[in-house]
Each structure stands twice: as C-alpha cells, then as structure tokens.
Amino acid sequence: MRYPLFIMFNKYSCILLISFLMISCSGSKEFSGFSYDPPDVTNTTDKEIEKQPARVIGSGEPRIWASNDFAGARLNDFYMRPDSVFQLIIEPENAPINNSPWFAFKLWSDSARTANIELKYNEGRHRYIPKVFSRIDGQWELTDRLRVHYDSTDGSALMKVHLTTEPKLIAAQPLYTFQNLEQTLQERGILGKSFTHKNTAGMSKEGRPILQLDITEVPESQTAPVLAIVGRQHPPEVTGYLASLIFLEELTSDSELAQRFRQTFVIKAFPMLNPDGADMGHWRHNAGGVDLNRDWQNFNQPETQAVRDALTPLKEDPKRQMFYAIDFHSTNENIFYPINEEVETSPDNITQKWIDLIVEENEDFVLTVEPFDTSSPIAKNWFYHTFGIDALTYEVNDRIPDEKLGEVSRSAARQLMQLLLEEWEQMPVDN
Ligand SMILES: [Zn+2]
C-alpha cells in the first residue's frame, strides 16, 4: 500500500510543480526571440566573426575565375568538382544565424563557355534569386536573373551561367554598400540640397561613420515634430533600403507637400545602420557578430548606441517633439509590424490610419499586417518606450519588382506626409 501511495504523492507534486512553472512562465513576459531567430539572439555582447579573405581564385581548364575582392562581396571558397560543376562556398559571418544567405562575387573565364555552378551554403539554405550584372558604361547593370535547381536535401542551388573574359557580377540583390552610400544619395538628389544636412551619429565597430541626415526647413526657434527613419540594420535587406531611399527622395522633393512637410517637421534619418555588414557581405549581423535589431534594450553595439545618443536628447528639447518612427527591412513578403492598437501612443494609431491610406491607393499591393506587443528589444519598441510614440517595422518583399517598389513607396511616403501634417495640426499642444 505504501509504495503506490508514494508514487501518487510524487505524481501529485509533479503536477503541482508543472502548474507552478507554467504560472511563472506566463507571468513573466521575457522576450527571447522571434520564431525565426536563432537561440540566444537577445545576448548582444560581442561574438566572434569569421572574416573572408579577399582573393581571386581560379579553377578548371580553361580557367574560370571567381573574385570576392570588392565591397559587399560574399564568397568563401571556389573549386571545380570531379563532375565539372563549379562549387561556390558561401558562409555566414558567424552562426547560429537567421536564414538570409547573402552572396556576391565576380565570375569570368579565360575563354567563352557555359558553366554549371552551384551555390553551396554552410549554416543556411538558398533564398535569394541570383542576379547577373554586367559592366555597361562604367555601371553594373542588371542583365539577367538565373533560374536555379534547388536541392532540398542540402539547400544548395545549381544554375547555368554563360561566362566570357569580361567579369560578371552575380549577387543576391543589387550591390548597395556603405562604399557607394554617398554617391547613391547624391544621384537620387537627397544630398546636395540646402535643407539636407549630413552628419555622423557615431562610428561602427570597424570605424565606418553612421550617417545621419537632418532634413528640415524649420527654424531652430520654431516648435516642431520629428520623424525618425532607420534602415539597413540587416545587410541583405536591399528592397527595404531602396524603399527608405525613395521615402527620402519624396521628403526632399520640390513638391508643395514636401515643402510644407519640411517647413513643419524635422526628419532625422539613419539610412545605413550597419555599414560594416553591408561592405563585408554579412548575412545579418554587424562586425560585433550581433543582430543589431535585438540590441535596442542592452545597447551593447556602437551602431545602436549612435542612434540612441543622437535622439535621446530630443526628450529634453522643448522645441522638438518625437512624433513617429519607421524602421525599414525586407523579408519574403510585404509586411508591416505595427504596435498593437490597444497600446496607447501619442499621437495614437498613426500606423493603422496610414495603412488604410496605402491600401486604398494601391489596390493590387498585397500587404500583410501583423501587430505586436512592445516587449522585444527592436528599434520600433525603443521609440515607443523612450518617446511614447507610435512606430512601425516596415518590411518589403525581397522579390518586389522595381516598378511596384517605386510606385508603392512614393505613394506611401506622400500619404505619410499628409497624415502627419494633419495629426500635428490636431495635437492639443502649444505648437
Ligand atoms: Zn531585417
């Protein structure tokens, strides 16, 4: 009799213990990562990264050459297999890491030929459509998108590519690096305007400047709301970066709306928060081996610190009022992550009102909206916790066609200016 009783007692205490654990788990809202994050993502102290040596590697006969000797490159090794397939080994900066396997390399041959090449990933599976760029009039122009045969057993991608003695650039997305950041901003007419001021918010881990653009026509003595724009925390997320640049084009345009916006608002933009990662061809992290968009509570990395230190003083500035913030990203769909509607912000529910306007004006634009609580250590939530404002994580589809990207980004930027102007007018403050 005693023996079974003992077991029953044990079972009972187990149930008690489990109930207690469940209560304690649901009681604390500790954020430990999104479903797609690797373990320990919120530990943002420095982690070791593996740097790829810059080199030109030849293989086969006649020789095919592969180079990673340029900003934004990612190619860790290259050789011809016994079955004559040329294998390109692509590795992340460190692991574990989200599946965002960036690649970029130049390829050419001693004589014209078609080669079978395979992208073989360590720590990841093929994701981005390989795009071929050829040098035309001194510029890398997109000339082809390669069809791949995806091997679901190991995540590799096999493709055919025609090579000549002229190097071709093959990359996961167009090459927008820190190295060509200023030139890009010049070409797009964002820089070189009397109301665009170029500043340095701080230095990256490897000593690249964190660019800050202050765009406004508001005199210092005038009370003004502030729109903050953050982007490119994750290097391969080029479509989100391009969306942010189109926003900046609209905000710096000659239109009556843009002028009115600049005469009312102050824009503080940080379009490339991870310049090291962009130039070093990283899959996601900065040179500290950390996902910057999980460092907005601990601030262990210089890039997030730079934005925090540039913006936090606005809290004490009687003439400036943080008003709204957008953090641009890319993923496999167009998706907005607003702050839950129930969370009260000031001004309130900007994102929800803005989404209605975007959807109304872009009927064939497929947009998913997934609101979140404010517990995760991401940029959007830092803006909310620091300033009490509404903010948005704005994600653009990796595969959005250029034309659609231009159309929707322009329309969204104009709608936002209009909306924010109206919201500011209605603010019950002494502006
Ligand atoms: Zn991202």
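It should be emphasised that the depicted structure is a prediction, and the values quoted were computed from it without experimental measurement.

**Some details on the coordination of the zinc ion**
Taken together, His234 (ND1), Glu237 (OE), Glu237 (OE) and His329 (ND1) make up the full set of protein donors to the zinc ion, lying 2.1 to 2.5 Å away. Coordination at the zinc ion is irregular: its four donor atoms span angles of 56 to 147 degrees at the metal.

**Looking at the domain arrangement of the protein**
On domain assignment, one finds that the protein holds domain 1 (56-171) and domain 2 (181-426). Here domain 1 and domain 2 have C-alpha centroids that lie 32 Å from each other. Each side of the interface is counted separately: domain 1 has 24 residues, and domain 2 has 18 residues. When domain 1 packs against domain 2, close to 1,600 Å² is buried across both sides, 52% of that on carbon and sulfur atoms. Of all residues in domain 1, Glu93, Trp102 and Arg127 bury the most surface against domain 2, accounting for 33% of the area lost on that side. The tally of links between domain 1 and domain 2 comes to one salt bridge. Where Arg127 meets Asp398, a salt bridge forms, and the shortest distance between an N and an O atom there is 2.8 Å. Taken together, the links from domain 1 to domain 2 amount to 13 residue pairs in polar contact (both at pLDDT 80 or more). Of the residues in the side of domain 1 that touches domain 2, the class split is 12 nonpolar, seven polar and five charged.

**Some words on the nonpolar core**
Leu107, Leu227, Trp354 and Tyr394 are the most contacted members of the largest nonpolar core, which totals 87 residues. Considering each element in turn, this core owes the most residues, 10 residues, to helix H9 (residues 402-426). When sequence neighbours within four positions are dropped, the list of residues in contact with Leu227 reads Leu251, Phe261, Phe265, Val266, Ile267, Lys268, Tyr324, Leu416 and Leu420.

**Re the environment of Phe270**
As for its placement among the helices and strands, Phe270 is situated in strand S15 (residues 266-270). For the pair formed by Phe270 and Leu314, sequence separation is 44 residues and the distance between their alpha carbons is 16 Å. Ignoring anything within four residues of it in the chain, the contact list for Phe270 reads Ala201, Leu211, Gln212, Ile229, Val230, Gly231, Val307, Ala310 and Leu311.

**Remarks on the sheet that holds strand S18 (residues 368-369)**
Taken together, eight strands build an open sheet; the order of strands is S12-S13-S15-S14-S16-S19-S17-S18 and the sheet is mixed. Edge positions in the open sheet fall to strand S12 (196-203) and S18, since each of these has one partner strand only. Note that strand S17 (residues 335-338) and strand S19 (residues 390-397) share four bridges and pair antiparallel. Bridge assignment links Phe336 to a residue of S19, and that residue is Tyr394. Against the sheet, helix H3 (residues 238-251) makes contact with strand S13 (209-215), strand S14 (224-231), S15, strand S16 (320-331) and S19, and its axis sits at roughly 145 degrees relative to S16, the strand it touches most. Against the sheet, helix H4 (residues 256-264) contacts S13, S14 and S15, and its axis sits at roughly 110 degrees relative to S14.

**Observations concerning the pattern of salt bridges**
Evaluated as defined, the whole model comprises 26 salt bridges. Because the salt bridges share partners, they merge into one network encompassing Lys51, Glu206, Arg208, Asp276 and Asp279.

**What to know about the packing of aromatic side chains**
Summed over the entire model, instances satisfying the criterion amount to 24 aromatic pairs. A centroid spacing of 6.0 Å and a plane angle of 40 degrees characterise the contact between Trp354 and Tyr394, whose relative ring orientation is tilted. Pair noted here: Trp354 is in helix H7 (residues 350-361) and Tyr394 is in strand S19, with a separation of 40 residues, a long-range link. Note on Trp354: relative accessible area 0%, which makes it buried. Taken together, Phe247, Tyr324, Phe328, Phe336, Trp354 and Tyr394 form an aromatic cluster joined through their ring pairs. One Lys or Arg, Arg262, reaches over the ring of Phe195 and ends 3.8 Å from the middle of that ring.

What counts, and where the lines are drawn
- Residues numbered from 1 in each chain as written.
- Predicted model: local features only at pLDDT ≥ 70, side-chain atom pairs only at ≥ 80, totals over all residues.
- Heavy atoms only, no water.
- Donors = N, O, S within 2.8 Å, 3.2 Å for Na, K, Ca; no water.
- Tetrahedral: all angles 85-135°; square planar, octahedral: opposite > 155°, others 65-115°.
- Domains from an automatic or database assignment.
- Contact = heavy atoms within 4.5 Å.
- Buried area = accessible area lost by both parts, 1.4 Å probe.
- Salt bridge = Lys/Arg side-chain N within 4 Å of Asp/Glu carboxyl O.
- Polar contact = N/O pair within 3.5 Å; in protein donor to acceptor, adjacent residues only side chain to side chain.
- Nonpolar A, V, L, I, M, F, W, Y, C, P; charged D, E, K, R; others polar.
- Core = buried A, V, L, I, M, F, W, Y, C linked by side-chain atoms within 4.5 Å.
- Buried < 20%, exposed > 50% of the residue type's maximum accessible area, 1.4 Å probe, protein only.
- Helix = DSSP H or I, 4+ residues; strand = E, 2+ residues; numbered from the N terminus.
- Pairing = 2+ DSSP bridges.
- Axes fitted to C-alpha atoms, helices over the stretch in contact; angles between N-to-C directions.
- Phe/Tyr/Trp six-rings, centres within 6.5 Å; stacked < 30°, edge-to-face > 60°.
- Lys NZ or Arg CZ within 6 Å of the ring centre and 35° of its normal.

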